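Structural characterization, general
Each chain, written out:
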Amino acid sequence: VWDRDLRGHFQALIAFRKARRALQEGLFRPLYAAGDVCAFARVLGDEVVVVAANRGEGAGLELDLTRVGLGDETLGSLFGGETYRLKGGLLALELGARESLVLATR
């Protein structure tokens, strides 16, 4: 029996990877790693994809994205369509328990 929600999630991730050259060829940049939370970016030219994952309970973190060439941009979420506004290259995130985010420049 297929878990249709999980299958659909992986299909969306696969399609996103195929559509984003940064995820295929981009430079890997670790951004954060502490406890149950990690974040990284893939960068290719002006295309940036940020992935943040939390395998534990809720967590807050702030990512310095000036390290990957971002300033006051807005990043869009792969899932849900939310947008996240950077202030001076800093991105504040709240991750729920066992939550992840995939964000990208538009």
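The present account deals with the structure reproduced in this document. Everything quoted here is computed from the prediction, not taken from an experiment.

As for the side chain of Arg-42
Relative to the helices and strands, Arg-42 is located in strand S2 (residues 37–44). The buried charged residue Arg-42 lacks any salt bridge partner; its closest oppositely charged side chain belongs to Glu-25, at an N-O distance of 8.5 Å. At 2.9 Å, the side chain of Arg-42 forms a polar contact with the backbone oxygen of Gly-26.

Overview of the nonpolar core
Core analysis: the biggest nonpolar cluster contains 22 residues, and Val-50, Leu-63, Leu-65, Leu-91 and Leu-93 have the highest contact counts within it. Those elements that provide at least two residues to this core are S2, strand S3 (47–54), strand S4 (59–64), strand S7 (90–95) and strand S8 (100–104). With four residues, the top contributor of residues to this core is S2. When near neighbours in sequence (up to four residues on either side) are disregarded, Val-50 contacts Leu-31, Phe-40, Ala-41, Leu-63, Leu-65, Leu-75, Leu-101, Val-102 and Leu-103. Core analysis: the second largest hydrophobic core is formed by seven residues, Phe-16, Ala-22, Val-102 and Ala-104 among them.

Considerations on the pairing of S2
Here strand S1 (residues 27–34) runs beside S2; their pairing, made up of seven bridges, is antiparallel. Across the sheet, Pro-30 pairs through a bridge with Phe-40, a residue of S2. Here S1 hands over to S2 after two residues, with Gly-35 in that stretch at a positive phi of 60°. Linkage of S2 to S3, two consecutive antiparallel strands, is achieved through a turn of two residues, within which Gly-45 is found at a positive phi near 65°.

Here is what the cut-offs are and how they apply
- Residues numbered from 1 in each chain as written.
- Predicted model: local features only at pLDDT ≥ 70, side-chain atom pairs only at ≥ 80, totals over all residues.
- Heavy atoms only, no water.
- Helix = DSSP H or I, 4+ residues; strand = E, 2+ residues; numbered from the N terminus.
- Buried < 20%, exposed > 50% of the residue type's maximum accessible area, 1.4 Å probe, protein only.
- Lys, Arg positive; Asp, Glu negative; His and termini not counted.
- Salt bridge = Lys/Arg side-chain N within 4 Å of Asp/Glu carboxyl O.
- Polar contact = N/O pair within 3.5 Å; in protein donor to acceptor, adjacent residues only side chain to side chain.
- Core = buried A, V, L, I, M, F, W, Y, C linked by side-chain atoms within 4.5 Å.
- Contact = heavy atoms within 4.5 Å.
- Pairing = 2+ DSSP bridges.

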